[in-house]
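Here is how the chains run, residue by residue.
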Amino acid sequence: MKNNLIKYAITTILITLIYGCGSFEKAVILNPSTNYFPAKKNKQTVVLKNVEVDKEALKSFLLVVPTSDYWIQMGTNLNHFDTVMTFEQFQTTIVQDGLTDKIPSVSDMVGLNRAYKYYRPFLLLNLNTEQKNSGGWYTGLTLYDPEKAEVVFQNEIKLNLMWDGWTDQGTMFPLFNSLLDYLRNEEK
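S.K.: Looking at this structure, I do not really get the overall build of the chain. What am I missing?
M.R.: For the chain, the helix and strand inventory stands at six helices and six strands. Residues classed as buried in the chain amount to 39% of the 188 residues present. Sequence-distant contacts, at least 24 apart, represent 56% of the contacts inside the chain between residues at least 6 apart. When the accessible surface of the chain is totalled, it reaches about 11,000 Å², and 54% of it is carbon and sulfur.

Now the structure itself:
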């Protein structure tokens, strides 16, 4: 009985420490003094792909994000794109606008390219997570351009689930800050 109480207490303390160190899927606005999201200082991302795109065109693009309020808010808080909507809202709008004859599907590159041509210019923002042969789990953002049928920006960060956990401050905000750097460099 005493051993079970000790195990329970240790487990509770560990869970509290892991989840008490940061938030998860809590969208925030840019810090006015730094103009970045509040990421941990020691968390660095690696940019895997950085394709130059038309700097002015990006400002009028639609940004299509995964389906959740967190992604909508974070996409909006980038303060860069004209409109942000979820993939589900994107599909619904295409149907409601009567474009299904021209855009029968957005589930592949051809359909996405048709949506770009017949609906409006947009980019897809996604989160990818994978275990690499070199060891460890990595996650990152990809920005896909359906006009060119290519990823124009991709970053990643190594996940340290043992010590950092998966938090906004340790994982998501560094990734979004890296995307901000890309978008800001394109504005120059």
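There's more to say after this.
S.K.: Would you take a moment to explain the sheet that holds strand 2 (residues 62-65) for this structure?
M.R.: Hydrogen bonds along the backbone pair up the strands of a sheet, which may run parallel or antiparallel. Taken together, the six strands give an open sheet; going across it, the order is 1-6-5-4-2-3, and neighbouring strands pair in mixed fashion. Unpaired on one side and paired on the other, strand 1 (46-50) and strand 3 (83-86) mark the two borders of the sheet. For this sheet, the mean angle separating the axes of adjacent strands, direction not counted, is 20 degrees. Where strand 4 (residues 122-131) and strand 5 (residues 137-145) come together, eight bridges link them in antiparallel fashion. Looking across to strand 5, one finds that Asn 128 is bridged to Gly 140. Across the face of the sheet, helix 4 (residues 87-96) comes into contact with strand 2, strand 3 and strand 4 while running at roughly 95 degrees to strand 3.

S.K.: Explanation requested: helix 5 (residues 109-118) in the structure shown.
M.R.: Residues three or four positions apart in an α-helix share a direction because the helix packs 3.6 residues into each turn. Those residues of helix 5 that fall on the buried side of the exposure criterion are Gly 111, Leu 112, Asn 113, Ala 115 and Tyr 116. At its buried positions, helix 5 is contacted by helix 4, strand 4 and strand 5.

S.K.: How do you make sense of the layout of surface pockets when you look at a structure like this?
M.R.: The gaps left among the atoms become clear once a water-sized probe is rolled over them. Considering only enclosed or pocket space, the largest pocket measures out at about 270 Å³ in volume. Forming the walls of the largest pocket are 15 residues, and the residues nearest its centre are Tyr 36, Phe 37, Ala 39, Lys 40 and Asn 177.

Basis of the calculations
Residues numbered from 1 in each chain as written. Predicted model: local features only at pLDDT ≥ 70, side-chain atom pairs only at ≥ 80, totals over all residues. Heavy atoms only, no water. Helix = DSSP H or I, 4+ residues; strand = E, 2+ residues; numbered from the N terminus. Buried < 20%, exposed > 50% of the residue type's maximum accessible area, 1.4 Å probe, protein only. Contact = heavy atoms within 4.5 Å. Areas by Shrake-Rupley, 256 points an atom, 1.4 Å probe, with all protein chains shown as cover. Pairing = 2+ DSSP bridges. Axes fitted to C-alpha atoms, helices over the stretch in contact; angles between N-to-C directions. 1 Å grid on protein atoms, 1.4 Å probe; cavity = no way out; pocket = protein on both sides within 12 Å on 5 of 7 lines; lining within 4 Å. Points joined across faces, edges and corners; volume = space filled by probe spheres on them.

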